[in-house]
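Fold and geometry: a report
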Amino acid sequence: KNQVEQSPQSLIILEGKNCTLQCNYTVSPFSNLRWYKQDTGRGPVSLTIMTFSENTKSNGRYTATLDADTKQSSLHITASQLSDSASYICVVSAGYQKVTFGTGTKLQVIP
Amino acid sequence: NAGVTQTPKFQVLKTGQSMTLQCAQDMNHEYMSWYRQDPGMGLRLIHYSVGAGITDQGEVPNGYNVSRSTTEDFPLRLLSAAPSQTSVYFCASRAPGERGRTGELFFGEGSRLTVL
């Protein structure tokens, strides 16, 4: 069964600090991995996509990494801002149609 | 562009009542889907459609019906609401994939449903 596990479940950090969110997956055949940001009361929005051949990709203060050998991805947030408070969901695609969602990491950035 | 529009945002039903959650997209995406999101669980696929006139079941289809008469609209019907269907429902459409990648999902704002 395809699974996506995220850690930690929740995280509180001070504004300006960095943090790293983890995603481990057992999805086959692997197609790509996306990180989504979900603000409270809103729908998820894609941050970045990682394919098998990509190790690192940045989107502003967000940097995603992928290790296809160990089936792990991380999302690193640099110099966090209050607006980064949200849930971050790892979504892994198997083949062309099927996607598996992680349960998300809830990040709270405090002043 | 409005993207994906869901209505209503909030709804309270009594057990046994029926209702329809509306979903419309203006991006001309062929693929549309409905998910439910419950605390501590990932988004779970209810039904999906790969084009007008074509629908299929997802992971948790029981108690829900869908139809796809146009590319733009994909309503979700609750036939006889049960307390277990209390959840937040998201509609999404998916952009075409490029170079073998699964396309990006575009989500609506969600519909929070409470069944008493």
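Before reading on, note that the structure itself is shown above.
Residues numbered from 1 in each chain as written. Chains lettered and ligands numbered in written order. Predicted model: local features only at pLDDT ≥ 70, side-chain atom pairs only at ≥ 80, totals over all residues. Heavy atoms only, no water.

So, about the overall build of chain B. Secondary structure summary: chain B contains zero helices and 11 strands in total. Along chain B, helices and strands appear, N-terminal first, in the series β-β-β-β-β-β-β-β-β-β-β. The C-alpha atoms of chain B give 14 Å as radius of gyration, which agrees with the globular expectation for 116 residues (13 Å, within 12%). Once the C-alpha set of chain B is aligned to its principal axes, its extents read approximately 45 × 30 × 25 Å. Every one of the 116 residues in chain B was classed for burial, and the buried ones make up 47%. (Helix = DSSP H or I, 4+ residues; strand = E, 2+ residues; numbered from the N terminus. Rg over C-alpha atoms; globule rule 2.2 N^0.38 Å. Buried < 20%, exposed > 50% of the residue type's maximum accessible area, 1.4 Å probe, protein only.)

Attention now moves to the pairing of strand β9 (residues 87-94) of chain B. All names here are of chain B. Within β9, eight of the eight residues are buried, which leaves it mostly tucked inside the rest of the structure. Burial of β9 is two-sided: the residues Ser-87, Tyr-89, Cys-91 and Ser-93 facing one way and the residues Val-88, Phe-90, Ala-92 and Arg-94 facing the other way are all buried. With three bridges joining them, β9 and strand β11 (residues 111-115) adopt antiparallel strand pairing. Within β11, the residue paired with Ser-87 across the bridge is Leu-113. (Pairing = 2+ DSSP bridges.)

This next bit is on empty space enclosed by the protein. Residues and elements named next belong to chain A. Using the criterion set out here, one finds one cavity of 30 Å³ or more in the structure. Taken together, the elements giving at least two residues each to the lining of the largest cavity come down to β4 (30-38) and β9 (86-94). Sorting elements by how many residues they give to the lining of the largest cavity places β4 first, with three residues. A per-class count over the lining of the largest cavity returns four nonpolar, four polar and one charged. (1 Å grid on protein atoms, 1.4 Å probe; cavity = no way out; pocket = protein on both sides within 12 Å on 5 of 7 lines; lining within 4 Å. Points joined across faces, edges and corners; volume = space filled by probe spheres on them. Nonpolar A, V, L, I, M, F, W, Y, C, P; charged D, E, K, R; others polar.)

A few words on the sheet that holds strand β3 (residues 19-26) of chain A. All names here are of chain A. Pairing within the open sheet is antiparallel, and its five strands lie in the order β1-β3-β8-β7-β6. If you trace the sheet from one side to the other, it starts and ends with β1 (3-7) and β6 (56-59), each paired once. Taking the axes of each pair of neighbouring strands and ignoring which way they run, one obtains an average angle of 15° across the sheet. The sheet contact formed by strand β7 (residues 62-67) and strand β8 (residues 72-77) spans six bridges and is antiparallel. Among the inter-strand pairings, Tyr-62 is bridged to a residue of β8, identified as Ile-77. (Axes fitted to C-alpha atoms, helices over the stretch in contact; angles between N-to-C directions.)

Oppositely charged side chains can pair when the atoms bearing their charge come close. Residues and elements named next belong to chain B. Under the criterion given, the structure shown has six salt bridges over all chains. Residues Asp-38 and Arg-36 are paired through a salt bridge, measuring 2.9 Å at the closest nitrogen-oxygen approach. With a relative accessible area of 9%, Arg-36 lands in the buried category. Salt bridges linked by common partners bring Arg-36, Asp-38 and Arg-44 together as one network. (Salt bridge = Lys/Arg side-chain N within 4 Å of Asp/Glu carboxyl O.)

Now for the layout of surface pockets. For the largest pocket, the calculated volume is near 860 Å³. Around the largest pocket, the lining is made up of 34 residues, and of these Gln-38, Ser-87 and Lys-106 of chain A together with Gln-37 and Arg-112 of chain B lie nearest the centre. Of all elements in the fold, only β2 (10-14), β9 and β11 (105-110) of chain A together with β9 and β11 of chain B reach the threshold of two or more residues within the lining of the largest pocket. Counting residues per element, the lining of the largest pocket draws most heavily on β11 of chain A, which supplies four residues. Here the residues of the lining of the largest pocket sort into 10 nonpolar, 17 polar and seven charged. Of the voids in this model, the second largest pocket is the one considered here, and its volume is about 650 Å³. What lines the second largest pocket is a set of 25 residues, among which Asn-2, Thr-100 and Phe-101 of chain A together with Leu-43 and Glu-59 of chain B lie closest to the centre. Of all the secondary structure elements, the ones that give two or more residues to the lining of the second largest pocket are β1 and β10 (98-101) of chain A together with β4 (31-37) and β5 (44-51) of chain B.

Read these as spatial facts, not as claims about activity.
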